[in-house]
Protein chains: 2
Amino acid sequence: MNTRMSADDRRELVLQAATRAFAQGGYAGTSTDKVAREAGVSQPYVVRIFGTKLELFLEVFERSTLRIRDAFAEVVDDPTFDPTAEDAREQLGLAYTALLADRDLLQVMMHGFSGGGHEEIARSARACMARIFETVRRTGWSDDEVRDFVAHGMLINVMLAMRAPEHVDEDPQIAALAACAFGDALEFLT
Amino acid sequence: MNTRMSADDRRELVLQAATRAFAQGGYAGTSTDKVAREAGVSQPYVVRIFGTKLELFLEVFERSTLRIRDAFAEVVDDPTFDPTAEDAREQLGLAYTALLADRDLLQVMMHGFSGGGHEEIARSARACMARIFETVRRTGWSDDEVRDFVAHGMLINVMLAMRAPEHVDEDPQIAALAACAFGDALEFLT
DNA sequence: GGCGTAAGTAATCATTCAATGCCTTCCAAG
DNA sequence: CTTGGAAGGCATTGAATGATTACTTACGCC
């Protein structure tokens, strides 16, 4: 039997569990029961906290993508950051690869992006993408440069979702792509 | 009541319907019943044809991504194609934007890529990615150039999945990103 | 023209899933 | 001590869903 907990603390705990669960299965592929078991709580309780599975997912998605946006913002808004420097792009990229330590965030983002089945998820995804684009834009880079940066991020997400890093030894093509997509960060990915 | 049809023809028809259905909802978010209704056929019949929902999805995914690969191959293997030309990248990009006419192919690819929940889907996704990467590589471009090209494709997929083209007028950031992601092709996207 | 095989469906089943309602238990204030 | 509110589980339910089985109907071939 779990000890009692303040509602806010429990809510936070369930959110973390849901992030893990949704990162694996996406919205449709994850049951509230799975989230509940992951959180060590009864299934009806998780839907009671969030009202609806959709609302839970939206909250997980929103907070995950905001976390990602913040990681960029921290670099971009740093006064010592020089967007015109030779390695500026690499520097911002580091902020992203640092997120690889918690793959769940990126996977949740990915699932939200491709979960366009529900209009509400698609809307939230657009808002998230807009926020991230705006943040990277603050570097002053050209729109094409920003686009290339964001696109590279999407490739990383996809490669991560298909578990490419864990299977580089099975396919030389995947190995080559993973090498130039993840760069030095590849070695840290299992 | 529908007229009888040869098994192969019916199979093809169901595959097309399934492509439409899966493009919308992804693997987990699409029921075999939905596919059946889309195909104008009974639900037990579609699972009888393909044995299992997973096998159906894998076949839809495989054929969709092969179609995409072929679109690239047609350009790359064309003897008149000059990979060192100034507009070579744009030329190959055209092969991709041409696929936008049938958004379903790209959406199915997207869902397969992010559907890493099932190991079998993830494996198929890696194989698909490997094939596409290998094809674009045949241009002789550097791996980094190929990576950038593929990454741009992923961004297009994501933007499409979140229905960005239909909502450019709601968010200036999305509008800017869509403008430089889709280029001239944007006007043809509703 | 009848017969065998293939095309297709209706009925049904066992699960799974999201959601609701009611009950229990703990803690804090009076 | 007791009482009330909040934390949280339990039982349940109705709808979906994937899959199986048995049955029916059309068509090609002799």
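Chain A has the name Regulatory protein, tetR family in an unreviewed UniProt entry, where Nocardioides lianchengensis is given as its organism.

With an axial shift of 0.0 Å and an RMSD of 0.0 Å, the rotation relating chain A to chain B amounts to 180 degrees. Within this description, the copies of the chain are treated as partners about a two-fold rotation axis. Most of the interface of chain A is mirrored in chain B: 100% of its interface residues are interface residues there too.

Moving on: helix α9 (residues 172-182) of chain B. Counting buried positions along α9(B) yields eight of 11 residues, so the element is predominantly enclosed. Along α9(B), the positions that sit buried rather than exposed are B:Gln173, B:Ile174, B:Ala176, B:Leu177, B:Ala178, B:Cys180, B:Ala181 and B:Phe182. Residues of α9(B) that are buried in the fold lie against α7 (119-137) and α8 (143-161) of chain A together with α8 (143-161) of chain B. Sitting at the amino-terminal end of α9(B) is B:Asp171, which places a side-chain oxygen 2.8 Å from the backbone nitrogen of B:Gln173. Just beyond α9(B), the residue with positive phi is B:Gly183, at close to 65 degrees.

All names here are of chain A. For the coordinates displayed, the defined rule picks out 14 aromatic pairs over all chains. Note on Phe72 and Tyr96: the rings are 5.7 Å apart at their centroids and 15 degrees apart in plane angle, and the pair reads as stacked. Taken together, the positions of Phe72 in helix α4 (residues 53-76) and Tyr96 in helix α5 (residues 88-99) put the pair 24 residues apart, joining distant regions of the chain. Across the pair, Tyr96 and Phe72 agree in class, each one buried. Three or more aromatic residues joined by ring pairs form one cluster here, namely Phe22, Tyr27, Phe57, Phe61 and Phe113. The ring of Tyr27 carries Lys53 above its face, with NZ or CZ at 4.7 Å from the centroid.

Let's shift gears to the nonpolar core. Counting 138 residues, the largest nonpolar core has A:Phe113, A:Met129, A:Phe182, B:Phe113, B:Met129 and B:Phe182 as its most contacted members. Once residues lying within four places of it in the same chain are set aside, the contact partners of B:Met129 are A:Leu155, A:Val158, A:Met159, A:Met162, A:Ile174, A:Leu177, B:Phe113, B:Val150 and B:Met154.

Around DNA strand D, the surrounding shell holds 19 residues, and the nearest of these are A:Ala7, A:Arg48, B:Arg4, B:Thr32 and B:Lys53. A share of 58% of the atoms of DNA strand D within 4 Å of the protein falls on sugar and phosphate groups. Within the backbone of A:Met5, a nitrogen or oxygen atom sits 3.0 Å from a phosphate oxygen of DNA strand D. Within the backbone of B:Thr32, one N or O atom sits 2.7 Å away from a phosphate oxygen of DNA strand D.

According to the stated counting rule, one finds 26 salt bridges over all chains in the structure shown. One salt bridge connects A:Glu38 with A:Arg20, and the closest N-O pair in it is separated by 2.6 Å. Residue A:Glu38 is found in helix α2 (residues 32-39), and its partner A:Arg20 is found in helix α1 (residues 7-25); the two are separated by 18 residues along the sequence. A residue is classified by how much of its surface remains accessible, and A:Glu38, at 38% relative accessible area, is partly exposed. B:Arg138 is the salt-bridge partner of B:Glu134, the closest N and O atoms lying 3.1 Å from each other. Exposure remark for B:Arg138: the relative accessible area of 38% places this residue in the partly exposed category. Connected via shared salt-bridge partners are A:Asp77, A:Glu134 and A:Arg138.

Attention now goes to the protein's contact with DNA strand C. Neighbouring DNA strand C are 20 residues; A:Arg4, A:Thr32, A:Lys53, B:Ala7 and B:Arg10 lie closest to it. Those atoms of DNA strand C that come within 4 Å of the protein belong to sugar or phosphate at a rate of 56%. In this structure, a phosphate oxygen belonging to DNA strand C sits 2.9 Å away from a side-chain N or O atom of A:Thr52. Note that a base nitrogen of DNA strand C is positioned 2.8 Å from one of the side-chain N or O atoms of B:Arg48. At the level of secondary structure, the elements contributing two or more residues to the surface near DNA strand C comprise α2 and α3 (43-50) of chain A together with α1 (7-25) and α3 (43-50) of chain B. Considering only residue class, the surface near DNA strand C consists of six nonpolar, seven polar and seven charged.

Attention now goes to the interface of chain A and chain B. Facing the 41 residues of chain A at the interface are 41 residues of chain B. Each partner contributes to the roughly 3,500 Å² buried at the junction of chain A and chain B, and carbon and sulfur atoms together form 69% of this total. Area buried by chain A at its contact with chain B is led by A:Arg126, A:Met162 and A:Gln173, which between them contribute 18% of it. On inspection of chain A and its partner chain B, the count reaches zero salt bridges. At the level of elements, α6 (103-114), α7, α8 and α9 (172-182) of chain A are the ones that each hand at least two residues to the side of chain A that touches chain B. Here the element with the most residues in the side of chain A that touches chain B is α8(A); it accounts for 11 residues. The class makeup of the residues in the side of chain A that touches chain B is 22 nonpolar, nine polar and 10 charged.

What counts, and at which threshold
- Residues numbered from 1 in each chain as written.
- Chains lettered and ligands numbered in written order.
- Predicted model: local features only at pLDDT ≥ 70, side-chain atom pairs only at ≥ 80, totals over all residues.
- Heavy atoms only, no water.
- Least-squares fit on C-alpha atoms with pLDDT ≥ 70 in both.
- Contact = heavy atoms within 4.5 Å.
- Buried < 20%, exposed > 50% of the residue type's maximum accessible area, 1.4 Å probe, protein only.
- Helix = DSSP H or I, 4+ residues; strand = E, 2+ residues; numbered from the N terminus.
- Polar contact = N/O pair within 3.5 Å; in protein donor to acceptor, adjacent residues only side chain to side chain.
- Phe/Tyr/Trp six-rings, centres within 6.5 Å; stacked < 30°, edge-to-face > 60°.
- Lys NZ or Arg CZ within 6 Å of the ring centre and 35° of its normal.
- Core = buried A, V, L, I, M, F, W, Y, C linked by side-chain atoms within 4.5 Å.
- Near = heavy atom within 4 Å.
- Salt bridge = Lys/Arg side-chain N within 4 Å of Asp/Glu carboxyl O.
- Nonpolar A, V, L, I, M, F, W, Y, C, P; charged D, E, K, R; others polar.
- Buried area = accessible area lost by both parts, 1.4 Å probe.

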